[in-house]
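# Results of the structural survey
Spelled out from the first residue to the last, the chains are:
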Amino acid sequence: MAAKKKALITGVTGQDGSYLAELLLQKGYEVHGLVRRSSSFNTWRIDHFREQLELHYGDLIDQNSLLRVLAKVMPDEVYNLAAQSHVAVSFEMPEYTTDVTGTGTLRMLDAMSQVGCKARFYQASSSEMFGLVQETPQTERTPFHPRSPYAIAKVASYWTTINFREGHGFHASNGILFNHESERRGENFVTRKITIGLAAILKGKAKELRLGNLDAKRDWGYTPDYVDAMWRILQQPKADDYVIATGETHSVREFLEEAFAYKGLDWREFVVTDPRYLRPAEVDLLLGDATKARTVLDWTPKVGFKELVRRMVDHDLAQYPNVRA
């Protein structure tokens, strides 16, 4: 009987990491996760299957911890999903964001090199790298114009990954994922702010919802579909880079309309635009062309925009006020 494949996921307690861990367990992997030590537990996304995981303390800003975990596990696949991933926060904490989201990728790849780990490597790249978009839709060949410290750090990680592929012979790939949401999205992201805010209004606990730019347009998909793409990328015989997107764009306003109308409300009666939530430099339009992923990976998203919004609304209404994010 063949030995189980071993995967190491950084950011395993996050939205993407939790869904990816579930997927890999279903596929028969031995799944290891890297978690940061903190004074409070933030493992709610993986608690329902935590006993099936091997968790290791470590941090992308501490290379010794990466060396230790890699040497102990010697995984077949490494999925680098950990990051300071909130764009607005990156303006407040640019140095920390750069250290974790940018240099952290270099530390991991360098650590793999030092311990002789030949694992296939997946880097979580982001549509935010396109920023002030140079063309629409965005493909693997679209030039980057990052508009936040987060996006700048992601561009650095993207090229670091390619450098290790081309310069060191690593099977290292980038998944350029456009926005992907779910019931496990953090509550400080606009989609969860909307669905939790709507639940509070429906329960009579709030009278308004305060948001920033309602005109920003995003290509929104469902996270379980996107972690399937991550896995498919690492199953390819040759490492490469892929845009993962739905090919549809919707504004924050449209997300509001869909969510509130689903429960029979007019969002305009409840939503207040608050300049505190505006970014210093906005990304106005993101729309991905995933033709390469469809062709090479045989990947297509299964959950559409309307169903995504309704799943999130139903979840947060059912869980309120005990929603977790």
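Let me begin by describing the structure that accompanies this report.

Scoring rules and cut-offs
- Residues numbered from 1 in each chain as written.
- Predicted model: local features only at pLDDT ≥ 70, side-chain atom pairs only at ≥ 80, totals over all residues.
- Heavy atoms only, no water.
- Helix = DSSP H or I, 4+ residues; strand = E, 2+ residues; numbered from the N terminus.
- Rg over C-alpha atoms; globule rule 2.2 N^0.38 Å.
- Buried < 20%, exposed > 50% of the residue type's maximum accessible area, 1.4 Å probe, protein only.
- Contact = heavy atoms within 4.5 Å.
- Areas by Shrake-Rupley, 256 points an atom, 1.4 Å probe, with all protein chains shown as cover.
- Lys, Arg positive; Asp, Glu negative; His and termini not counted.
- Charge placed at Lys NZ, Arg CZ, Asp CG, Glu CD.
- Salt bridge = Lys/Arg side-chain N within 4 Å of Asp/Glu carboxyl O.
- Pairing = 2+ DSSP bridges.
- Phe/Tyr/Trp six-rings, centres within 6.5 Å; stacked < 30°, edge-to-face > 60°.
- Core = buried A, V, L, I, M, F, W, Y, C linked by side-chain atoms within 4.5 Å.
- Axes fitted to C-alpha atoms, helices over the stretch in contact; angles between N-to-C directions.

### Some words on the overall build of the protein
When helices and strands are counted, the protein shows 10 helices and 13 strands. By the compact-globule yardstick of 20 Å for 325 residues, the protein fits well, its C-alpha radius of gyration being 19 Å. Summarising its shape, the C-alpha atoms of the protein cover approximately 60 × 45 × 40 Å along the three principal directions. In the protein, which comprises 325 residues, the share counted as buried stands at 54%. Across the protein, every contact between residues at least 6 apart in sequence was considered, and the portion connecting residues at least 24 apart equals 79%. For the protein, the accessible area works out to roughly 14600 Å², and carbon and sulfur atoms hold 48% of it. If the 41 positive side-chain charges of the protein are averaged to one point and the 42 negative ones to another, these points end up 3 Å apart.

### Thoughts on the pattern of salt bridges
All told, the structure shown has 21 salt bridges when counted by the stated rule. In this structure, Asp228 and Arg232 form a salt bridge, with 2.7 Å as the shortest nitrogen-oxygen distance. Of this pair, Asp228 and Arg232 both sit in helix α7 (residues 223-234), four residues apart, roughly one helical turn. Given a relative accessible area of 21%, Arg232 falls into the partly exposed group.

### Here we look at the pairing of strand β11 (residues 241-244)
Taking every second residue as pointing to the same face, both faces of β11 are buried, with Asp241 and Val243 on one and Tyr242 and Ile244 on the other. Alignment of strand β6 (residues 172-177) against β11, held across four bridges, turns out to be parallel. Its bridge partner lying in β11, Gly175 is registered against Tyr242.

### Some remarks on the packing of aromatic side chains
Going through the model one piece at a time under the given rule, you end up with 11 aromatic pairs. When the ring of Trp220 is compared with that of Phe255, the centres are 5.3 Å apart and the planes differ by 65°; the resulting orientation is edge-to-face. Within this pair, whereas Trp220 is found in the loop between β9 (217-218) and β10 (221-222), its partner Phe255 is found in helix α8 (residues 252-262), the two being separated by 35 residues in sequence. Looking at Trp220, the relative accessible area reads 3%, which means it is buried. Taking relative accessible area as the criterion, Phe255 reaches 0% and is therefore assigned buried.

### Structural notes on the nonpolar core
Of all hydrophobic cores here, the largest spans 56 residues; its most connected members are Tyr79 and Phe260. Of the residues forming this core, the biggest block, seven residues, is contributed by α7. If we skip the residues at most four places from it in the chain, Phe260 touches Ile194, Leu198, Ile201, Leu209, Leu265, Asp266, Trp267 and Phe270. Leu8, Leu34, Leu67 and Cys117 belong to the second largest nonpolar core, which has 20 residues in total.

### Focus: the sheet that holds strand β1 (residues 6-10)
The strand order β3-β2-β1-β4-β5-β6-β11 describes an open sheet built from seven strands, whose pairing is parallel. Bordering the open sheet on either side are β3 (54-57) and β11, each of which pairs with just one other strand. Here the strands of the sheet are splayed against their neighbours by 20° on average, with no regard to which way each runs. Pairing between strand β2 (residues 30-35) and β3: four bridges, direction parallel. The residue bridging Leu34 from the neighbouring strand is His56, located in β3. Against the sheet, helix α1 (residues 15-26) engages β1, β2, β4 (77-80) and β6, with an angle of about 170° to β1. Relative to strand β5 (residues 120-126), helix α4 (residues 94-115) is tilted by about 175°, and along the sheet it contacts β1, β4 and β5.

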